Amino acid sequence: MPINRIDPNMPVQAYQTYSITSPKDTGVRAACEQVGCAAWRHGWESAIDERTELGARQAHYIRTQSRRTFREQHTAAGITVFRFEPGQRCFADHQTRPEIYAVRDGDWRGNPTGKTRTHQRAADWVEDFGEHQLTLVDQKKEG
């Protein structure tokens, strides 16, 4: 299907293109905060039966190696409940797809200068985009 585009009013050199892309089939390990993890945001509980070999190992790990802040309670059924505070990494391995925040000269017709910038953070890309928009508004006011 052909793409229907409006003919630009200005030469290709007068344009900048802002894009956000993700490489296909690429996953990276991500922090809880990056993926909006509910356990990170609200805290969580882990109920562990220390009478089992697996439960005893899990409880030992939490107490001695997890490096997380928790409170410990014991139920009448013999289960240990570890309550973890919000704002700390949970025990899940989160994955996300990386994003590439790019700004290049030109438009769909090409990049005449070959100049491309890549921002490391989304916030920087958004700031750049906003500043560019303000520049365009000022130029339009000036005529």
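## Considerations on the layout of surface pockets
And then number 1: Its boundaries defined by the atoms lining it, the largest pocket holds a volume of some 360 Å³.
And then number 2: Along its surface, the largest pocket is lined by 15 residues, and M10, A14, Y15, Q16 and L136 are the ones closest to its centre.
And then number 3: If one sorts the elements of the lining of the largest pocket by residue count, helix 4 (residues 122–142) sits on top with 5 residues.
And then number 4: The residue inventory of the lining of the largest pocket, partitioned by class, reads 7 nonpolar, 5 polar and 3 charged.
And then number 5: Each pocket or cavity is described by its volume, and for the second largest pocket that value is around 290 Å³.
And then number 6: Forming the walls of the second largest pocket are 14 residues, and the residues nearest its centre are Q34, R97, P98, E99 and Y101.

## Considering the sheet that holds strand 8 (residues 116–119)
And then number 1: Strand order in the open sheet formed by 3 strands is 1-7-8, and the pairing between neighbours is antiparallel. In this open sheet, the two strands that pair with only one neighbour each are strand 1 (16–21) and strand 8. On average, adjacent strands in this sheet sit at an angle of 20° to one another, irrespective of strand direction.
And then number 2: Two elements, strand 1 and strand 7 (residues 100–105), share 6 bridges in a ladder whose sense is antiparallel. From the neighbouring strand, I20 faces strand 7, where its bridge partner is Y101.

## Some words on the side chain of S46
And then number 1: Along the polypeptide, S46 turns up in strand 3 (residues 44–48).
And then number 2: Relative accessible area serves as the criterion here: at 18%, S46 is assigned to the buried category.
And then number 3: Residue contacts for S46: discarding those within four places in its chain leaves T80, V81, F82 and F84.

## Focus on the confidence of the model for the protein
Do not read the fine detail of predicted coordinates wherever pLDDT is low.
And then number 1: Residues of the protein with pLDDT of at least 70 account for 100%, and the chain-wide mean is 92.
And then number 2: Per-residue pLDDT, averaged within each element of the protein, yields its smallest value for strand 2 (residues 28–30) (86) and its largest for strand 5 (residues 80–84) (98).

## Some points on the state of the cysteines
And then number 1: Applying the stated rule across the entire model yields 0 disulfides.
And then number 2: No disulfide involves C90; its nearest neighbouring cysteine sulfur is the one of C32, lying 3.6 Å away.

## Section: unusual backbone geometry
And then number 1: Even without glycine at this site, R67 takes up a positive phi of about 55°.
And then number 2: Tracing the backbone through its elements, the reader meets R67 in the loop between helix 3 (53–64) and strand 4 (70–74).

## Notes on the nonpolar core
Grouped burial of nonpolar side chains is what soluble globular proteins tend to show.
And then number 1: Judged by nonpolar contacts, C32, C37, A39, W44, I48, A59, I62, F82, F84 and C90 together constitute the single largest core of 10 residues.
And then number 2: Secondary-structure elements contributing two or more residues to this core are strand 3, helix 3 and strand 5.
And then number 3: Residues within four places of F84 in sequence aside, it is in contact with G43, W44, S46, I62, R68, T69, F70 and F91.

## Digging into the packing of aromatic side chains
And then number 1: If you walk through the whole model with that rule in mind, you get 9 aromatic pairs.
And then number 2: Considering the side-chain rings of W44 and F91, the 5.9 Å spacing of their centres and the 90° angle between planes classify their relative orientation as edge-to-face. Residue W44 is located in strand 3, and its partner F91 is located in the loop between strand 5 and strand 6 (94–96); the two are separated by 47 residues in the primary sequence.
And then number 3: W44 gets classed as buried once you look at its relative accessible area, which sits at 14%.
And then number 4: These aromatic residues form a ring-pair network of at least three members: W44, Y61, F70, F82, F84 and F91.

What counts and what doesn't
Residues numbered from 1 in each chain as written. Predicted model: local features only at pLDDT ≥ 70, side-chain atom pairs only at ≥ 80, totals over all residues. Heavy atoms only, no water. 1 Å grid on protein atoms, 1.4 Å probe; cavity = no way out; pocket = protein on both sides within 12 Å on 5 of 7 lines; lining within 4 Å. Points joined across faces, edges and corners; volume = space filled by probe spheres on them. Helix = DSSP H or I, 4+ residues; strand = E, 2+ residues; numbered from the N terminus. Nonpolar A, V, L, I, M, F, W, Y, C, P; charged D, E, K, R; others polar. Pairing = 2+ DSSP bridges. Axes fitted to C-alpha atoms, helices over the stretch in contact; angles between N-to-C directions. Buried < 20%, exposed > 50% of the residue type's maximum accessible area, 1.4 Å probe, protein only. Contact = heavy atoms within 4.5 Å. pLDDT = per-residue confidence, 0-100. Disulfide = S-S within 2.5 Å. Core = buried A, V, L, I, M, F, W, Y, C linked by side-chain atoms within 4.5 Å. Phe/Tyr/Trp six-rings, centres within 6.5 Å; stacked < 30°, edge-to-face > 60°.

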